[in-house]
Amino acid sequence: MIGEARRRRTFAVIGHPDAGKSTLITALARHARVLSAAGTDWMESERAHGTSMTSAALQFAYGDTVINLLDTSGNADSSVDTYRVLSAVDSAVMLLDAAQGLEPQTLNLFDFCRQQGIPVITFITKWDRPGREALRLCDELTDRIGVQPMPLTWPVGIAGHLRGVVDVPSGKFVPYRPAKAHQNESDLGADWVRAQEEVELLYATGGEFDESRFLAVTATPVLFGTAVCDFGVRHLLDSLAELAPRPAPRTDTDGEARALDAPFSAFVFKVQTRMDPARRDQVAFARVCSGVFKRGMIVTHATTGKPFATKYAQKAFGHLQSRDDSAYPGDVIGLADAPTLRVGDTVYTGRPPVHFPSLPGFISTRGAIDPAQ
């Protein structure tokens, strides 16, 4: 069981409306080869109607890693729901538009991540279009939110004239167009020299990757690409698999850290209604914190002390609902036909009873609202 938990990476993508969140999530899913053409059409329909991309989460395997990508809304009027979802993740990807940089809703969401100690990886997208200078965007991270940018990839060519990226740890050039894969550094001329100089400048000012600063949310790894063209997405997935925190013990209301291999426990972070009016129209989405969940098991609702069966439990998988029988710490389960469950509730098995704290409140100086209200 511990081995399964260590394979999990549970994160959400945060960003301002129109930054390209749905496009990035589509690219992530396609890169892992889990999204069908029909699924793409379904997601486009969802976007057209202004609804979330998935019901709650998208799970897929990437190599030996199991990715749990939780859905968030970038809309300011959905802040409460977004903060609740972020309470169920172990890390986040902050998405920036190359032309717009840090925008108001992104700032609010980052503030929440920092308050909750959620490490953030930054992906700067739309580099195939005109935009700001790479160093200027990194300066924004330092000046406006006080985090050190640590480049993992760096663009070769200005925004709108993307030639590829430097894989900073290896120093290798990754071409934007596969047909130009034969290019070497001498073919790139001034663009290559500029990229090298900019990376050296950031390293000279503390930009070399430091895991402790990443986990403390005082620095953020930075990658560049273009999600719509599926460039840079593999680097992002690789970074998540390698760097993002694994599930860790969650602290209960008694101040005790519940071990991952303790009996099953989970907390509800989202309740969605009218998912299927013809059937059970309420599903409570819960983050597994400990133990192994098996569909059909009897769990206890901590608030009422009453048991209920999980016969209709599901795991979200794109536009399909997987009825995989098992879930592990870091996974998300959907508990259908459970009308008494509310956001913040705990469910568990065994003794003694388990209660996780209510979802954290948050008031941002930038104007966000408190999700506990």
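Let me begin by describing the structure that accompanies this report. (Residues numbered from 1 in each chain as written. Predicted model: local features only at pLDDT ≥ 70, side-chain atom pairs only at ≥ 80, totals over all residues. Heavy atoms only, no water.)

Comments concerning the overall build of the chain
Cut-off, in case you're wondering: Only runs of H or I of at least four residues qualify as helices and only runs of E of at least two qualify as strands under DSSP, and these elements are numbered from the N terminus. By definition in these notes, contact holds between two residues if any of their heavy atoms fall within 4.5 Å. The Shrake-Rupley method, run with a 1.4 Å probe, gives the accessible areas here. Residue values count only the displayed protein chains as cover.
For the chain, the helix and strand inventory stands at nine helices and 22 strands. Within the chain, counting contacts between residues at least 6 apart in sequence, those at least 24 apart form 72% of the total. Carbon and sulfur atoms form 48% of the exposed surface of the chain, whose accessible area is close to 16100 Å².

So, the side chain of Arg 8
Our working rule: Throughout this description, buried means an accessible area under 20% of the type-specific maximum (1.4 Å probe, protein chains only), exposed means over 50%, and partly exposed covers the range between. Any pair of nitrogen or oxygen atoms within 3.5 Å is treated as a polar contact; in protein, a donor-acceptor pairing is required on top of that, and neighbouring residues in sequence qualify only through side-chain atoms on both sides.
By the secondary structure assignment, Arg 8 is in strand S1 (residues 8-14). When its relative accessible area of 4% is taken as the criterion, Arg 8 is described as buried. Engagement of the side chain of Arg 8 in a polar contact is seen with the side chain of Glu 4, the distance being 2.6 Å. Once residues lying within four places of it in the same chain are set aside, the contact partners of Arg 8 are Gln 59, Val 66, Asn 68, Pro 245, Arg 246, Pro 247, Tyr 328, Pro 329, Gly 330 and Asp 331.

Digging into helix H7 (residues 185-204)
The test is simple: By this rule the span expected of a helix is its residue count minus one, scaled by 1.5 Å. Axes are fitted to the seven residues ending at a residue and to the seven starting at it; the angle between these axes is taken as the bend at that residue.
Its 20 residues place the ends of H7 only 22 Å apart at the C-alpha level, less than the 28 Å of an ideal helix rising 1.5 Å per residue. At Asp 191, H7 is deflected by roughly 70 degrees, the largest bend along its length. For H7, the set of buried residues is Leu 188, Asp 191, Trp 192, Ala 195, Glu 198, Val 199 and Leu 202. Note on H7: the residue one or two positions beyond its end, Gly 206, has a positive phi of about 95 degrees.

Observations concerning the nonpolar core
Defined as follows: To qualify as a nonpolar core, a set must consist of buried Ala, Val, Leu, Ile, Met, Phe, Trp, Tyr and Cys residues joined through side-chain atoms within 4.5 Å.
Grouped together as the largest cluster of nonpolar side chains are 61 residues, with contacts concentrated most on Leu 70, Leu 86, Met 94, Trp 127, Trp 154 and Phe 269. For this core, the element with the highest residue contribution is helix H6 (residues 134-145), accounting for six residues. Residues within four places of Phe 269 in sequence aside, it is in contact with Leu 70, Arg 84, Val 85, Ala 88, Phe 285, Ala 286, Arg 287, Val 332, Val 343 and Leu 359.

Quick word on the packing of aromatic side chains
Stated formally: Stacked, edge-to-face and tilted labels apply to pairs of Phe, Tyr and Trp rings (six-membered ring for Trp) whose centres lie within 6.5 Å, assigned for plane angles under 30 degrees, over 60, and everything in between, in that order.
Taken as a whole and judged by the stated rule, the model has eight aromatic pairs. Ring centres of Trp 127 and Phe 224 lie 5.1 Å apart, and the angle between their planes is 80 degrees; this geometry places the pair in the edge-to-face category. Of this pair, Trp 127 sits in the loop between strand S5 (120-125) and H6 while Phe 224 sits in strand S10 (residues 219-224), placing them 97 residues apart in sequence. Here Trp 127 matches Phe 224 in class, with each residue buried. Pairwise contacts between aromatic rings join Trp 127, Trp 154 and Phe 224 into one cluster.

Observations regarding the packing of helix H4 (residues 79-86) against helix H5 (residues 104-116)
Which entries qualify depends on this criterion: An axis is simply a line fitted to the C-alpha atoms; with a helix, the fit covers only the stretch in contact. Between two such axes, the angle follows the N-to-C directions and lies from 0 to 180 degrees. Working rule for handedness: look at the near helix, and if it is turned counterclockwise from the far one by less than a right angle, call the crossing left-handed; if clockwise, right-handed. Each residue is assigned to one class: nonpolar for Ala, Val, Leu, Ile, Met, Phe, Trp, Tyr, Cys and Pro, charged for Asp, Glu, Lys and Arg, and polar for all the others, Gly among them.
The contact between H4 and H5 brings their axes to 10 Å, and the two run at 35 degrees. Both H4 and H5 take part in a crossing whose hand is right-handed. Residues Ser 79, Thr 82, Tyr 83 and Leu 86 of H4 pack against Gln 105, Asn 108, Leu 109, Phe 112 and Cys 113 of H5. Considering only residue class, the contact of H4 with H5 consists of five nonpolar, four polar and no charged.

Re the environment of Thr 122
Assignment of secondary structure puts Thr 122 in strand S5. Sequence separation between Thr 122 and Val 93 is 29 residues, and the spatial gap between their C-alpha atoms is 5.6 Å. With near-sequence residues (within four places) excluded, Thr 122 lies in contact with Met 94, Leu 96, Thr 220, Pro 221, Val 222 and Leu 223. A distance of 2.9 Å separates the side chain of Thr 122 from the side chain of Thr 220, its partner in a polar contact.

Observations regarding the pattern of salt bridges
Threshold: Salt bridges are identified by distance alone: a Lys or Arg side-chain nitrogen within 4 Å of an Asp or Glu carboxyl oxygen.
Scanning all chains against the criterion turns up 13 salt bridges. A salt bridge links Arg 8 to Glu 4; its shortest N-O distance comes to 2.6 Å. What makes Glu 4 partly exposed here is its relative accessible area of 25%. The salt bridge involving Asp 90 is made with Arg 250; its shortest N-O contact spans 3.9 Å. Of the two residues, Asp 90 is situated in the loop between H4 and strand S4 (91-97) and Arg 250 in strand S11 (residues 250-251); the sequence distance between them amounts to 160 residues. Linked by salt bridges that have partners in common, Glu 4, Arg 7, Arg 8 and Asp 331 make up one network.

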